[in-house]
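This is what each chain is made of:
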Amino acid sequence: MRELAGTLLGVGVMLVLAGLWLWSGATWRLPGDVVWRRGNFTLFAPFGTMLALSLLLTLLGLVLRRR
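Residues numbered from 1 in each chain as written. Predicted model: local features only at pLDDT ≥ 70, side-chain atom pairs only at ≥ 80, totals over all residues. Heavy atoms only, no water.

Our focus in this paragraph is the side chain of Asp33. Relative to the helices and strands, Asp33 resides in strand β1 (residues 33–38). A polar contact is formed between the side chain of Asp33 and the backbone nitrogen of Gly48, at a distance of 3.0 Å. Only 2.8 Å separates the side chain of Asp33 from the side chain of Thr49, close enough to count as a polar contact. Residues contacting Asp33, with those up to four places away along its chain left out, are Trp28, Phe44, Ala45, Pro46, Phe47, Gly48 and Thr49. (Helix = DSSP H or I, 4+ residues; strand = E, 2+ residues; numbered from the N terminus. Polar contact = N/O pair within 3.5 Å; in protein donor to acceptor, adjacent residues only side chain to side chain. Contact = heavy atoms within 4.5 Å.)

Moving on, we come to the pairing of strand β2 (residues 41–46). Of the strand pairs in this sheet, β1 and β2 are connected by 6 bridges, and their pairing is antiparallel. Bridged to Asp33 within β2 is Pro46. Where β1 folds back onto β2 in an antiparallel hairpin, the turn is made up of 2 residues, including Gly39, whose phi is positive at roughly 65 degrees. (Pairing = 2+ DSSP bridges.)

Okay, the side chain of Thr49 next. You can see Thr49 is positioned in helix α2 (residues 47–65). Its relative accessible area of 12% is what places Thr49 among the buried residues. Those residues in contact with Thr49 that sit more than four places away from it in its chain are Trp28, Leu30 and Asp33. (Buried < 20%, exposed > 50% of the residue type's maximum accessible area, 1.4 Å probe, protein only.)

Dropping the structure here:
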């Protein structure tokens, strides 16, 4: 039961931090992120950011699984 509580607490802290980051309006763009503007239409495809987050979360999952 303690492991579940720790996991839920960790997820909650990460959600609060992500919410604060989004609320502040902070953005970051990595190489590979595509921004396409045409007239009043803007398309943002964060391919570089998605790849970096996927790699980071995969490594984090591997580290946490070994515990």
